Amino acid sequence: SGINAEYGGSTHHSRSNTMKKSMNRFTPYVKSGAEDFILGKDKEQIAESDTITIVCPNNIDLCWRPNQIIRVEITEPIKKAKFKGMKSFMSYHITPSTTNLTVERRYKQFDWFHDRLTEKFPCFIIPPLPEKAVVGKYQQDFIEQRREKLELWLNRIGRHPIISDCSVTSHFLKCQDEKNWKDGKRKAEADKTARSGFFMTVKCEGPLPDNLSSESYVGSFSTFSKKMEGTLDKLVRQNEDYASKMTGGIKHMYAKFGQIYKELGELYDTGPLSGSKPVNVAIMGTGRCYQEVSELYENQPRFDAHVLSENVREYQGMLSSVPDMLHVHKGAAQKVKDYTQREGEKDVDEEANVLQRYSTISAAVMSEINHFHTERNRDFNFMMREFLASQIDFHQNVLQKLEHALNQYPDPATLE
């Protein structure tokens, strides 16, 4: 079991974890449109239905207004072809909990959806998609791994209170008609609430954060995320070392003990003492016990180390998106500083507007940080409980086998 199972998806976990990386030569700040927003260049009128609300329920933490959670299941990947069989691709059956109706999507449509989200929400932590395969993409193991990764990715998207409720997500999860898909695709690509327009949609129900507190908060998260990235990297490497030992050295050690005890029991059974039979049989039983224990060690990483590592790798992917978000805030802060410290006559009213727009960006970034922390807290609680429960089951199984082997030996008093 794992996080994906809790979200309503598959329970199987693979070990592949290549993620797409952005190669855009423009900085996240420039791409985000934050500068146009800060300077008031975006004059678009925002419809009430497009408003994104930040709330402060405990009067301390800013957060996105809660919304529906969408659980998604991906089943039946099917190989299809076009251009009379000259081009092949995999089609995935996607069923969201909001409709329970199934739609088909190709990987390139996932890619398009990911690009739209990163463009529409410039300060969100959008997890990367699994890397597109160059070779072996029609092998069964790879197809299943890809299905799992895409399902996990969609369920992560479906848990975000803003992304789960946006028009492009609805289009991706619901549209079944080819013509409607193309129309919706063009509409999403011309979305005026993307980039700088996104910040125009953000409204804070409470007071906006002041510059000093927001810069401190975002700076603390920058430090936190870097340390988290380093610690998770160590955890994955330690898990790999643990799994290697469990499936290698420790497994072989128990198997060798098992073989030796088996040989020892068989040897003793050839001895002349007629009353030694129960002990000889018990020693051979100990040999079988150790063989079985060796198999438990070999299989165990599939239920704990590999599962934990896969869940941790998802967070490594999310953390790889954090610098883009931080650059948006850093770039906005620098632009405000440049504006307020510029030479010449100053427009007091416009300067106040610039500072307010910067506070809006800060509130959005802080809300996204808090969403990340909320998800992290929930996920790692689930992950560690599952990991420890699996460890307990494993050691109990080993204990039961050892106790069974012990109970095969006769009471010493009977051998006097």
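Up top you'll find the structure we're talking about.
The paragraphs below set out a description of the structure included in this document. (Residues numbered from 1 in each chain as written. Predicted model: local features only at pLDDT ≥ 70, side-chain atom pairs only at ≥ 80, totals over all residues. Heavy atoms only, no water.)

Quick word on the overall build of the chain
Okay, so step 1: Per the secondary structure count, the chain includes 13 helices and six strands.
Okay, so step 2: Computed over its C-alpha atoms, the radius of gyration of the chain comes to 29 Å, more than 25% above the 22 Å expected for a compact globule of 416 residues.
Okay, so step 3: Overall, the C-alpha framework of the chain stretches about 110 × 60 × 35 Å when taken along its three principal axes.
Okay, so step 4: Here the chain has roughly 22,500 Å² of accessible surface; of this, 52% comes from carbon and sulfur atoms. (Helix = DSSP H or I, 4+ residues; strand = E, 2+ residues; numbered from the N terminus. Rg over C-alpha atoms; globule rule 2.2 N^0.38 Å. Areas by Shrake-Rupley, 256 points an atom, 1.4 Å probe, with all protein chains shown as cover.)

A closer look at the environment of Ser-244
Okay, so step 1: Its place among the elements puts Ser-244 in helix 9 (residues 211-268).
Okay, so step 2: Looking at Ser-244, the relative accessible area reads 47%, which means it is partly exposed.
Okay, so step 3: For the pair Ser-244 and Pro-301, spaced 57 residues apart in the sequence, the C-alpha separation amounts to 8.8 Å. (Buried < 20%, exposed > 50% of the residue type's maximum accessible area, 1.4 Å probe, protein only.)

What to know about the packing of helix 6 (residues 167-174) against helix 7 (residues 178-189)
Okay, so step 1: It is the contact of helix 6 with helix 7, at a shortest axis distance of 10 Å, that shows an interaxial angle of 160°. On the basis of the axis angle, helix 6 is roughly antiparallel to helix 7. Like other packed secondary-structure pairs, helix 6 and helix 7 cross with a definite hand, here left-handed. Within the contact between the two elements, helix 6 uses Val-168, His-171 and Phe-172 and helix 7 uses Asn-180, Trp-181, Gly-184, Lys-185 and Ala-188. (Axes fitted to C-alpha atoms, helices over the stretch in contact; angles between N-to-C directions. Parallel < 35°, antiparallel > 145°, perpendicular 65-115°, else oblique. Left-handed = near helix turned anticlockwise from the far one by under 90°. Contact = heavy atoms within 4.5 Å.)

Describing the nonpolar core
Okay, so step 1: One finds Phe-110, Leu-117, Leu-154 and Phe-198 to be the most contacted residues of the largest nonpolar core, which totals 74 residues.
Okay, so step 2: At twelve residues, helix 13 (residues 348-407) tops the list of elements feeding residues into this core.
Okay, so step 3: With sequence-adjacent residues up to four places away left out, Phe-198 is seen in contact with Ile-52, Trp-64, Lys-120, Phe-121, Pro-122, Cys-123, Phe-124, Thr-193 and Ala-364.
Okay, so step 4: Met-246, Tyr-290, Phe-394 and Ala-405 belong to the second-largest nonpolar core, a separate cluster that totals nine residues. (Core = buried A, V, L, I, M, F, W, Y, C linked by side-chain atoms within 4.5 Å.)

A word on helix 12 (residues 322-340)
Okay, so step 1: In a regular helix each residue adds 1.5 Å, so 19 residues correspond to 27 Å; helix 12 covers 27 Å between its end C-alpha atoms and thus fits that length.
Okay, so step 2: Listing the buried residues of helix 12 in full gives Val-322, Met-325, Leu-326, Val-328, His-329, Gly-331, Ala-332, Ala-333, Val-336, Tyr-339 and Thr-340. (Expected span 1.5 Å × (residues − 1).)

Some words on the sheet that holds strand 5 (residues 103-106)
Okay, so step 1: Taken in spatial order, the three strands make up an open sheet running 3-4-5, and their pairing is antiparallel. Looking along the sheet, the strands with just one partner apiece sit at the ends: strand 3 (72-82) and strand 5. Put simply, the sheet's adjacent strands are angled 30° from each other on average, direction ignored.
Okay, so step 2: Sheet topology places strand 4 (residues 87-96) next to strand 5; four bridges connect them, and they run antiparallel. Residue pairing across strands places Ile-94 opposite Val-103, the latter belonging to strand 5.
Okay, so step 3: Against the sheet, helix 4 (residues 107-120) engages strand 3, strand 4 and strand 5, with an angle of about 85° to strand 5. (Pairing = 2+ DSSP bridges.)

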